[in-house]
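# Commentary on secondary and tertiary structure
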Amino acid sequence: MLPRGRPRALGAAALLLLLLLIGFFLFHERPRPRGAAAFDGDPPADPGGHNGSDCILPRPRPPKCELLQVAIVCAGHNSSRDVITLVKSMLFYRKNPLHLHLVTDAVARNILETLFHTWMVPAVQISFYNADELKPQVSWIPNKHYSGLYGLMKLVLPSALPPDLARVIVLDTDVTFASNIAELWALFAHFSDKQVIGLVENQSDWYLGNLWRNHRPWPALGRGFNTGVILLRLDRLRQAGWEQMWKLTATRELLTLPATSLADQDIFNAIIKEHPWLVQPLPCVWNVQLSDHTLAERCYSEASDLKVIHWNSPKKLRVKNKHVESFRNLYLTFLEYDGNLLRRELFGCPRPPPPGAEHLQRALAQLDEEDACFEFRRQQLTVHRVHITFLPHKPPPPQPHDVTLVAQLSMDRVQMLEALCRHWPGPMSLALYLTDAEAQQFLRFVETSVVLSARQDVAYHVVYREGPLYPINQLRNVALAQALTPYVFLSDIDFLPAYSLYDYLRASIKQLELGSGRKAALVVPAFETLHYRFSFPSSKAELLALLDAGSLHTFRYHEWPRGHAPTDYARWREAQAPYHVQWAADYEPYVVVPRDCPRYDPRFAGFGWNKVAHVVELDAQEYELLVLPEAFVIHLPHAPSLDISRFRSSPTYRDCLQALKDEFHQDLSRRYGAAALKYLTALQQPRGPT
C-alpha cells in the first residue's frame, strides 16, 4: 500500500509535465508578436493591406562609439524650437557620438548655429545645408501639405549630403525619442543587398482610399509607409539613379493627380509601389504615429515598447488618442528638460571637445573654490545657451534713422512687457534669462496676450539660466548683438518710455546728423515713481507738473543721486535744444547710440557697476554725451532682485565687486594709457548701485 501523499505528488508532477508540454508547443507555434518584420525576402502587401512592419525585430546590439549620422529639415522659428526638443530626447538616451546634418533656411540656421555653438555638447557635430539652394529641385511639385516646399526636401538628400556619406537616419522635427537612437541605426544591418530605404508602415488607412467619398490618395503598397523616420542607404540610392527615379515617378503621377497631399511621403510611396524590393519595413515602435486617423494602438501593448513618438497631426499635442496623456507627458518632459544637463561626456568614446571647451576647462580648473569671489569668477567663465529669436520675428524694413529698444529681463519681470509694448511702437530686442521650463511658460504667456502676440517686431532671445548670479551684461550684449536697426536705445525693462519717444528719437538722430559719422550718445533723462498706479504723463509739461507735485522724482535721487546727477535735471527743465554734459564718476544714463557701439563688460554680473563701466567705455572712445530736452523714461516700482539684496547684505559681495572694478581699470589703462587716469576717480568714490 502506497503512502497517502504519493498519489498527490505524482498528480502534481503530471500536471507540471503537461504545462511544460503546452508551453513548449506554444513557444514554437505562437504567431509573430506585433512589430516583427520578415527579413527573408521583400515583403509584398498582404490582403489586409499590411506591409509586415507590425512586429518586433530581434533586439540589435548598438554599435559601440560609432558616429551616427542624422539628417533633419528645418525652417523657421517654430520648427527650430521643435528641433531642440527632438535633439534633447536623442541626447538623453544616446551613448554614441552624433553628426547632425541640418537642412535649414536662413532663419533656422541663424537660430540653431548660435544655439549649438553655445550649448557645447560633447561628441556632437553639426553641419548646415542651405535649403534655399535646394528649393528649385522641388518647387515644380504642387504640394497641399502644411510643410510646404520644405516637406519635399527629403527627396533631394542623397544629392545634397556629402557624397562620401553612405548611411543616414532622416527625422521629422515632430518626433520624440524614447530610446537609444543607436538601436535604430543598428537596423541598417537587416537591409538586404537591394534594400535602400527603411520605413515604418503608415498607421492609418489613408492610402487605402476609404477615409471619405472621392478620396484619391497617391499609389502605395498596401497601407503605405510613413516618412517621419527613415533609414537611407545613400550610397545605394545614388548608384540606383535615385534623382531620376523620383522625378520620373512624380512627373507621371502628377499627370492624373493635382498635387501631393502628404509631401515627400506620397512620392516615396509611389516609388515603393513600383519597386517594392527597395524598402525594408521597420518595426512599428520606431514611428508610433499620432495622426487623426491613427491605428497606432495596434502597434504597442506597453509604454516600454515605444521607441519614437511621431506627432504627425496638424493638431500636434491636441490630437485624440486614448494614450495621448502618456505621450504628451514624455514630450513635455523633454520640452522643459534642462539642456545644461545634457552637456555630459560620453565615457569610453573619446571625441574632440567642442570649440573653446578645452580652454574653458583649463580656466575653470585654475579657480580656487575657497576664494570668497569664486562665484563671480565662475560666472565670468560660464557659457550660457542662447536661443535667439525664440518666437516668430519680422525684421523692420531698413530705415536710416530707426531705433531698436534693447533690454533684458527675467521671469519675474515678464508682466511689464505689455505696458512696454504700448509705450514703444518700434522694434525691440529683448534678452530673457530663463530656465527651459520658464521658456515654455513665457511662450504660452505671449501666445495668450493680445498685445504681445500682435507684435512681430519684438525679438525675444532666451539665455538659459545657469549659475547663481544674474549675468546682466551678457544678457545686454545678446540683445544688442541681435538689434537690426542703425541705432539702439539701451534701456532696462522696468522703465516705460514716453509715448512719443520712438518718433522723437528718430527725428533727433536725423536732426543731429548722427549718420555722418558723428560719435554721440543721446542721453534720455530717467525719472521714477514710487506709486504702483499713476497717470503716465503725455508730455514734458505734464511730467514737470508731476515732478513738482511729488508724484515723480529724478531716478534714484534718494539712493544714488551720483548715477544721474550729470544729466543736470535743473537745466533739462528749461532746455529747448540738446545740450552737452561731461562724463563724471559713476554716471550711468540711459542712452541712444549706434548699433556698433562698444559692448558691455561681461565680467559684471549681478548688481553693481554694470552700466557705469559701459558709459566709461563710451567716454574713453570719445562719444559726446548729448541730453535730449523732450525725452524721458519713468521707472516703475517693483520688488528688489536677489542680487540687489545680496549687495546690500553681503560685505563679501561688495568686496568682489570692488575687485572687478580694479580689474576693469587695469584693462582701461592697458588699452588707453594715460587717457584712462581720469577714470581712476570712479573707483575711489563711495560704493553704490549700478
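Reading the values: rules and limits
- What you see as residue numbers is a count from 1 along each chain, following the sequence as written.
- The model is predicted, so local features are restricted to residues of pLDDT at least 70 and side-chain atom pairs to those at 80 or more, both for listing and for counting; the totals for chains, interfaces and linings are taken over all residues.
- To obtain the side-chain values, all non-hydrogen atoms of the structure were used and water was disregarded.
- The way it works is that DSSP assigns letters per residue, a run of H or I at least four long becomes a helix, a run of E at least two long becomes a strand, and they are numbered from the N terminus.
- The buried label goes to any residue with under 20% of its type's maximum accessible area, the exposed label to any with over 50%, and the partly exposed label to all in between, with areas taken from a 1.4 Å probe on protein chains only.
- Every residue pair with non-hydrogen atoms within 4.5 Å of one another is taken to be in contact.
- Accessibility throughout is a Shrake-Rupley quantity obtained with a 1.4 Å probe, and a residue counts as covered only by protein chains that appear here.
- Each axis is a line fitted through C-alpha atoms, taken for helices only over the stretch in contact, and angles between the N-to-C directions span 0 to 180 degrees.
- Every angle not falling under 35 degrees, over 145, or within 65 to 115 is termed oblique; those three ranges are roughly parallel, roughly antiparallel and roughly perpendicular.
- Throughout this entry, Asp, Glu, Lys and Arg are counted as charged residues, while Ala, Val, Leu, Ile, Met, Phe, Trp, Tyr, Cys and Pro are counted as nonpolar. The remaining residues, Gly among them, count as polar.
- A pair is scored as a salt bridge if a Lys or Arg side-chain nitrogen falls within 4 Å of a carboxyl oxygen belonging to Asp or Glu.
- We define a nonpolar core as any set of buried Ala, Val, Leu, Ile, Met, Phe, Trp, Tyr and Cys residues linked to one another through side-chain atoms lying within 4.5 Å.
- Patch membership needs two things, relative accessible area over 30% and no salt bridge, and members are linked within 9 Å if like-charged or within 5 Å if nonpolar (Val, Leu, Ile, Met, Phe, Trp, Tyr).
- For this count, His and the chain ends are skipped, Lys and Arg are scored as positive, and Asp and Glu as negative.
- Charged groups are reduced to one reference atom each: NZ for lysine, CZ for arginine, CG for aspartic acid, CD for glutamic acid.
- For this text, the term disulfide refers to a pair of cysteine sulfurs within 2.5 Å.
- Take the far helix as your reference; a near helix turned counterclockwise from it by less than a right angle gives a left-handed crossing, and one turned clockwise gives a right-handed crossing.
- Only strands that DSSP links by at least two bridges are regarded as paired with each other.
- The term polar contact refers here to a pair of N or O atoms within 3.5 Å; inside protein, the definition further demands a hydrogen-donor-capable atom paired with an acceptor-capable atom, and it admits residues adjacent in sequence only when both atoms are side-chain atoms.
- For this analysis, a ring pair means two rings from Phe, Tyr or Trp (six-membered ring only for Trp) whose centres lie within 6.5 Å, classed as stacked if their planes differ by under 30 degrees, edge-to-face if by over 60, and tilted for the remaining angles.
- If you view a crossover with the strands going away from you and the path from the first strand over the helix to the second runs clockwise, you call it right-handed.

## A few points about the overall build of the protein
Secondary structure assignment for the protein yields 23 helices and 23 strands. Every one of the 690 residues in the protein was classed for burial, and the buried ones make up 55%. Expressed as a percentage of contacts within the protein between residues at least 6 apart in sequence, the contacts between residues at least 24 apart total 80%. With the model as given, the accessible surface of the protein reaches about 30,800 Å², and the carbon-plus-sulfur share is 55%.

## Some details on the packing of helix α12 (residues 374–381) against helix α22 (residues 651–672)
Running from N to C, α12 and α22 cross one another at 50 degrees; their axes reach a closest spacing of 9 Å. Accordingly, the angle class assigned to the pair α12 and α22 is oblique. Here α12 contributes Phe376, Arg377 and Gln380 to the contact with α22, which in turn contributes Tyr653, Cys656, Ala659, Leu660 and Glu663. Per-class residue counts for the contact of α12 with α22 are five nonpolar, one polar and two charged.

## Description of the pattern of salt bridges
Per the stated rule, a full pass over the model turns up 31 salt bridges. Two residues, arginine 518 and glutamate 624, come together in a salt bridge whose shortest N-O distance is 2.6 Å. Separated by 106 residues along the polypeptide, arginine 518 in the loop between α17 (501–511) and β17 (520–524) and glutamate 624 in strand β22 (residues 624–627) bring together distant segments of the chain. By relative accessible area, which is 30% here, arginine 518 ends up partly exposed. Of the residues examined, glutamate 624 reaches a relative accessible area of 22% and is grouped as partly exposed.

## Quick look at the nonpolar core
Among soluble globular proteins, nonpolar side chains are generally buried collectively. Judged by nonpolar contacts, the single largest core of 111 residues is most densely connected at Phe442, Phe489 and Leu501. Of all hydrophobic cores here, the second largest spans 54 residues; its members include Val83, Val124, Ala182 and Cys299.

## Quick word on a negative patch on the surface
Where like charges cluster on the molecular surface, the negative patch consists of Asp368, Glu369, Glu370 and Asp371. Summarising the element assignment, glutamate 370 is placed in the loop between α11 (357–365) and α12. Judged by relative accessible area, which is 71%, glutamate 370 ranks as exposed.

## So, the state of the cysteines
Summed over all chains, the structure comprises three disulfides. The disulfide that involves cysteine 373 links it to cysteine 656, with 2.0 Å between the sulfurs. Classification of the bridge connecting cysteine 373 and cysteine 656 rests on its S-S torsion, roughly -100 degrees, and on that basis the disulfide is left-handed. Of this pair, cysteine 373 sits in the loop between α11 and α12 while cysteine 656 sits in helix α22; the two residues are 283 residues apart in sequence, bridging distant segments of the chain. Numbered by position along the chain, the disulfide-linked cysteines of the protein connect as 1-4, 2-3, 5-6.

## Structural notes on the environment of methionine 153
Residue placement: methionine 153 occurs in the loop between α4 (131–138) and α5 (157–160). The class for methionine 153 is buried, based on a relative accessible area of 1%. Along the chain, methionine 153 and serine 139 lie 14 residues apart, while their C-alpha atoms are 9.7 Å from each other. In contact with methionine 153, not counting residues within four places along its chain, are Val73, Val103, Ala131, Leu134, Lys135 and Val138.

## Thoughts on the packing of helix α2 (residues 76–93) against helix α3 (residues 106–119)
Closest axis-to-axis distance for the α2/α3 pair is 9 Å, and the angle between their directions is 35 degrees. Viewed along their axes, α2 and α3 form a crossing whose handedness is right-handed. Judged by residue contacts, Gly76, His77, Ser80, Val83, Ile84, Val87, Lys88 and Leu91 of α2 engage Val107, Ala108, Ile111, Leu112, Leu115, Phe116 and Trp119 from α3. Looking at side-chain class alone, the contact of α2 with α3 contains eleven nonpolar, three polar and one charged residues.

## Section: the sheet that holds strand β10 (residues 308–310)
Spatial strand order, β5-β10-β9: three strands in an open sheet with mixed pairing. If you trace the sheet from one side to the other, it starts and ends with β5 (175–177) and β9 (288–289), each paired once. Packed onto the sheet, helix α10 (residues 324–335) meets β5 and β10 and runs at close to 80 degrees relative to β5.

## A word on the environment of aspartate 586
Assignment of secondary structure puts aspartate 586 in the loop between β20 (579–581) and β21 (590–594). Taking the C-alpha atoms as reference points, aspartate 586 and histidine 564, 22 residues apart in sequence, are found 8.3 Å from one another. Side-chain polar atoms of aspartate 586 contact the side chain of tryptophan 609, separated by 3.1 Å.

## Digging into the packing of aromatic side chains
Scanning all chains against the criterion turns up 26 aromatic pairs. Centroid distance phenylalanine 495 to phenylalanine 555: 4.9 Å. Interplanar angle 70 degrees. Geometry classified as edge-to-face. Taken as a pair, phenylalanine 495 in strand β16 (residues 495–497) and phenylalanine 555 in the loop between β19 (553–554) and α19 (569–574) lie far apart in primary sequence, 60 residues in all. Judged by its relative accessible area of 1%, phenylalanine 495 is buried. Arranged with centres 4.6 Å apart and planes meeting at 55 degrees, the rings of phenylalanine 495 and tyrosine 590 form a pair that is tilted. With phenylalanine 495 in strand β16 and tyrosine 590 in strand β21, the pair connects residues that are 95 residues apart, well separated along the chain. Exposure class is identical for phenylalanine 495 and tyrosine 590. Each is buried.

## Observations regarding the sheet that holds β16
Taking strand neighbours across the sheet as the criterion, the four strands line up as β16-β23-β18-β19 in an open arrangement whose pairing is mixed. Either end of the sheet is taken by a strand with one partner, and the two such strands are β16 and β19. With three bridges connecting them, β16 and strand β23 (residues 633–635) associate as antiparallel partners. Each bridged residue has a counterpart across the sheet, and for leucine 496 the counterpart in β23 is isoleucine 634.

## Quick notes on the side chain of arginine 81
Take arginine 81: it is sitting in helix α2. As a buried residue without a salt bridge, arginine 81 has its nearest oppositely charged side chain in glutamate 447, at a separation of 4.6 Å. Reaching out from arginine 81, the side chain makes a polar contact with the side chain of asparagine 78 at a distance of 3.1 Å. With near-sequence residues (within four places) excluded, arginine 81 lies in contact with His387, Phe390, Leu391, Pro392 and Leu443.

## Brief notes about the pairing of strand β1 (residues 68–74)
Burial runs high along β1: seven of the seven residues are buried. The side-chain alternation of β1 yields two buried faces, one formed by Leu68, Val70, Ile72 and Cys74 and the other by Gln69, Ala71 and Val73. Both β1 and strand β2 (residues 98–104) contribute to a ladder of seven bridges, which runs parallel. Among the inter-strand pairings, leucine 68 is bridged to a residue of β2, identified as leucine 98. Considered for its hand, the β-α-β crossover made up of β1, α2 and β2 is right-handed. Inspection of the sheet shows β1 paired to strand β4 (residues 167–171) by three bridges, in the parallel sense. Bridge pairing in β4 links valine 70 to isoleucine 169.

## Remarks on the side chain of threonine 260
With respect to the helices and strands, the residue threonine 260 is situated in the loop between α8 (242–253) and α9 (264–274). Each residue touching threonine 260, except ones within four places of it in the same chain, is listed here: Ile141, Pro142, Asn143, Lys144, His145, Leu152, Trp218, Asp266 and Ile267.

## Here's the deal with the environment of glutamine 379
On the secondary structure map, glutamine 379 appears in helix α12. What makes glutamine 379 buried here is its relative accessible area of 1%. What glutamine 379 contacts, discounting residues up to four positions off in sequence, is His384, Tyr433, Glu466, Gly467, Pro468, Leu469, Pro471, Gln474 and Ala605. Among the polar contacts listed, one links the side chain of glutamine 379 to the backbone nitrogen of leucine 469, at a separation of 3.2 Å.

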